[in-house]
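In case you want the letters, here they are:
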Amino acid sequence: MKYDRYQDEEILKTQMKQGDENAYEFLYRTYYAELCSYMFAIGGNDVQAEEIAQQTFIKLWRKRDRLFIHGSLKKYIFKVAYHQYIDVVRKKKKEHQLLEELKYEAIIELLESNPDGLNEKLGILETEINKLPLQCRNVFLLSKKDGLKYKEIAEQLDISIKTVERHMAKALKRLRDRFDTTTDPSPAILFLAIHRGVFKE
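The structure contained in this document is the topic of the report that follows.

**Some thoughts on the overall build of the protein chain**
Step number 1: Along the protein chain, the regular secondary structure elements total nine helices and zero strands.
Step number 2: Ordered by position from N to C terminus, the α and β elements of the protein chain give α-α-α-α-α-α-α-α-α.
Step number 3: When each of the 201 residues of the protein chain is scored for burial, the buried share is 34%.
Step number 4: Once local pairs closer than 6 in sequence are excluded, the contacts in the protein chain between residues at least 24 apart make up 61%.
Step number 5: Carbon together with sulfur atoms contributes 51% to the accessible area of the protein chain, which is approximately 12,900 Å² in total.

Here it is in structure tokens:
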């Protein structure tokens, strides 16, 4: 059989290091599904789990000539994947922190430049969002409050991405019409409203 020789893990390690594509394919076929399950168990996100698993095997291939694997090959692969996961979490945390800093700066600028009527605007925003149909409001809040991407919202609510887009378009049109503007409501207004908890869950 094509992969019989790779059942011996030491041979598999050696052939991987030498750039044997069949050895790499055997490795991928053997551990990919299990690695995805492992990363899903850790992170709870199936899309992220698959991405990390794929990146793990890409990393193993690119660095194949520098691999020094002592002990279990499976443990080594899973350890590489785990470190990939940690890197993703750290990156997201940094991005989230930067985003929050920018939003707070926007709020400070808003309060300093035009404090009058802020509570009125927040009241209008709360009223209009809570008037939306339930699914439409859920989509809007998952996007603006929780920061989810359309694909993530679609998966969470078990609807299509097109449906998510339609709900968002409807919500934003209502707000544009109410605030008499051609653009979406100020990000600072939205963030301040969310931060103060004016939206009903």
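Moving on from the model shown.
**Points about the nonpolar core**
Step number 1: Of all hydrophobic cores here, the largest spans 25 residues; its most connected members are Leu-12, Leu-27, Leu-35, Phe-57 and Ile-77.
Step number 2: Here the element with the most residues in this core is helix α2 (residues 21-43); it accounts for nine residues.
Step number 3: Here Leu-12 is in contact with Tyr-6, Ala-23, Phe-26, Leu-27 and Leu-73, once residues within four sequence places are set aside.
Step number 4: Ranked by size, the runner-up nonpolar core spans 15 residues in total, among them Cys-136, Ile-153, Met-168 and Leu-175.

**Remarks on the environment of Ile-153**
Step number 1: Along the chain, the position of Ile-153 falls in helix α7 (residues 150-157).
Step number 2: In this structure Ile-153 comes out as buried when scored by relative accessible area, which is 0%.
Step number 3: For the pair Ile-153 and Phe-140, spaced 13 residues apart in sequence, the C-alpha separation works out to 9.5 Å.
Step number 4: Among all residues touching Ile-153, those that are not within four sequence positions of it are Val-139, Leu-142, Ser-143, Leu-148 and Val-164.

**Side note on unusual backbone geometry**
Step number 1: Of note, Asp-158 is a non-glycine position whose phi angle comes to about 60°, a positive value.
Step number 2: By secondary structure assignment, the location of Asp-158 is in the loop between α7 and α8 (161-179).
Step number 3: Residue classification places Asp-158 among the exposed positions, given a relative accessible area of 71%.

**As for the pattern of salt bridges**
In a structure, side chains of opposite charge can pair up when their charged atoms sit close to one another.
Step number 1: As enumerated under the stated definition, the model contains six salt bridges in all.
Step number 2: For Arg-174, the salt bridge identified is with Glu-128, shortest N-O distance 3.4 Å. Placement of the pair is Arg-174 in helix α8 and Glu-128 in helix α5 (residues 118-131), with a sequence separation of 46 residues.
Step number 3: Between Lys-173 and Asp-177 there is a salt bridge, with its nearest N and O atoms 2.9 Å apart. Note that Lys-173 and Asp-177 are positioned in helix α8 at a spacing of four residues, about one turn of the helix.
Step number 4: Through salt bridges with shared partners, a single ionic network connects Glu-128, Lys-131 and Arg-174.

**Structural notes on the packing of helix α6 (residues 134-144) against α7**
Axis angle and axis distance: for two packed helices, these are the angle between their axes and the distance between the axes, and together they describe the pair.
Step number 1: Put simply, α6 and α7 touch, their axes get as near as 10 Å, and they point 135° apart. One way to sum up the angle between α6 and α7 is to call them oblique. Between α6 and α7 lies a crossing whose hand is right-handed. Between α6 and α7, the contacting residues are Gln-135, Asn-138, Val-139, Leu-142 and Ser-143 on the first element and Tyr-150, Ile-153, Gln-156 and Leu-157 on the second.
Step number 2: Its residues assigned to classes, the contact of α6 with α7 comprises five nonpolar, four polar and no charged.

Reading guide: rules and limits
- Residues numbered from 1 in each chain as written.
- Predicted model: local features only at pLDDT ≥ 70, side-chain atom pairs only at ≥ 80, totals over all residues.
- Heavy atoms only, no water.
- Helix = DSSP H or I, 4+ residues; strand = E, 2+ residues; numbered from the N terminus.
- Buried < 20%, exposed > 50% of the residue type's maximum accessible area, 1.4 Å probe, protein only.
- Contact = heavy atoms within 4.5 Å.
- Areas by Shrake-Rupley, 256 points an atom, 1.4 Å probe, with all protein chains shown as cover.
- Core = buried A, V, L, I, M, F, W, Y, C linked by side-chain atoms within 4.5 Å.
- Salt bridge = Lys/Arg side-chain N within 4 Å of Asp/Glu carboxyl O.
- Axes fitted to C-alpha atoms, helices over the stretch in contact; angles between N-to-C directions.
- Parallel < 35°, antiparallel > 145°, perpendicular 65-115°, else oblique.
- Left-handed = near helix turned anticlockwise from the far one by under 90°.
- Nonpolar A, V, L, I, M, F, W, Y, C, P; charged D, E, K, R; others polar.

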